[in-house]
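The primary structure of each chain is shown beneath.
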Amino acid sequence: MHLHRLEKMWLAIGISMLAVFLIVLGTMAFSMGIQPPSEHHHTIDPAKVTETAPFDKPGFQLIGDRHYEAAMVAYAFGYDPATYEVEAGSTVDFTVTSSDVVHGFSIVGTNVNMMIVPGEISHISHTFDKPGTYLILCNEYCGTGHEYMKTTLVVK
Ligand code: CUA
């Protein structure tokens, strides 16, 4: 294949611009410590979830007037603690991690939807104004029991 001298020059310019952009992007990402977005970036040793607070005692704790702190562990194939009851108007601060593989944490009918990655701690808060039984689902394929991975939060 014969390439004209100008075509070769044009190709060389294009390839070097691409290289420059990738080098700049890579250097920036590392030097600025760019990571996936999270309100607070916390990590955990995924092999020691059951020994690390607050996941050594998963559960809901009342921390104020209709304000709960929930430490939850996602595992194949469920959530610890399982179902829980709060009164309508409650705000729940969820702190969730995984003890094995990547799971989802999605509360149907709300905008709560997180990816639960082993080694990472995910946070989200939600105020449950309407009473009802809220379904919490895993929406990341995590194995043969994935479709059974769910729990509920009852708002009275
Ligand atoms: Cu856990 Cu799908």
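About the thresholds
- Counting starts from 1 at the beginning of each chain's written sequence and moves along it residue by residue.
- At least 70 in pLDDT is required for a residue's local features to be given in this predicted model, at least 80 for side-chain atom pairs to be given and counted, and no such filter applies to totals for whole chains, interfaces and linings, which use all residues.
- By convention in this description, side-chain values take in all heavy atoms of the structure and omit both hydrogens and water.
- By the criteria applied, helices consist of DSSP H or I runs no shorter than four residues and strands consist of E runs no shorter than two, each listed in order from the N terminus.
- Radius of gyration here is computed from C-alpha atoms only, and the compact-globule reference equals 2.2 Å multiplied by the residue count raised to the power 0.38.
- The cut-offs for exposure are 20% and 50% of the maximum accessible area for each residue type, with area from a 1.4 Å probe on protein chains only; residues under the lower value are buried, those over the upper are exposed, and the others partly exposed.
- Working rule for contacts: check all heavy atoms of both residues, and any pair within 4.5 Å makes them a contact.
- Areas reported as accessible are Shrake-Rupley estimates using a 1.4 Å probe. Residue values count occlusion only from the protein chains shown.
- Polar contact is defined as a pair of N or O atoms within 3.5 Å, subject to the rule that within protein one atom must be able to donate a hydrogen and the other to accept it, and that residues adjacent in sequence are counted only when both atoms are side-chain atoms.
- The rule for pairing is simple: two strands pair if DSSP sees at least two bridges between them.
- Angles run from 0 to 180 degrees between N-to-C directions of axes, and those axes are lines fitted to C-alpha atoms, restricted for helices to the stretch in contact.
- Think of a nonpolar core as a cluster: buried Ala, Val, Leu, Ile, Met, Phe, Trp, Tyr and Cys residues, connected wherever their side-chain atoms sit within 4.5 Å.

Caption draft 1: Expanded view of the overall build of the chain. Along the backbone of the chain there are one helix and eleven strands. Written out in order from the N terminus, the α and β elements of the chain read α-β-β-β-β-β-β-β-β-β-β-β. The C-alpha radius of gyration of the chain comes to 23 Å, more than 25% above the 15 Å expected for a compact globule of 156 residues. Within the chain, buried positions represent 32% of all 156 residues. Within the chain, residue pairs in contact and separated by at least 24 positions form 56% of the contacts whose partners lie at least 6 positions apart. With an accessible surface of roughly 9900 Å², the chain has 62% of that area assigned to carbon and sulfur atoms.

Caption draft 2: Representation of the side chain of D93. For D93, the position within the fold is in strand β6 (residues 90–98). Polar contacts involving the side chain of D93 include one to the side chain of H67, which spans 2.8 Å. The residues contacting D93, other than those within four sequence positions of it, are I63, H67, Y68, E69, A70, I124 and S125.

Caption draft 3: Molecular detail of the sheet that holds strand β8 (residues 113–116). Ordered in space as β5-β11-β10-β7-β8, the five strands form an open sheet in which the pairing is mixed. Looking at strand neighbours, the two that pair on one side only are β5 (84–86) and β8, the edges of this open sheet. This sheet shows a mean twist of 20 degrees between the axes of neighbouring strands, independent of strand direction. Bridge count for β5 against strand β11 (residues 150–155) is three bridges, and the pairing is parallel. Among the inter-strand pairings, E85 is bridged to a residue of β11, identified as V154.

Caption draft 4: The nonpolar core, seen in detail. If you look at the biggest cluster of nonpolar residues, it comprises 24 residues, and the most contacted ones within it are F60, F94 and F105. Counting residues per element, the ones that place at least two in this core are β3 (67–75), β6, β7 (103–107), β8, β10 (132–137) and β11. One finds V49, F55, V73 and I121 within the second-largest nonpolar core, a separate group that totals six residues.

The values are spatial; any link to function lies outside them.
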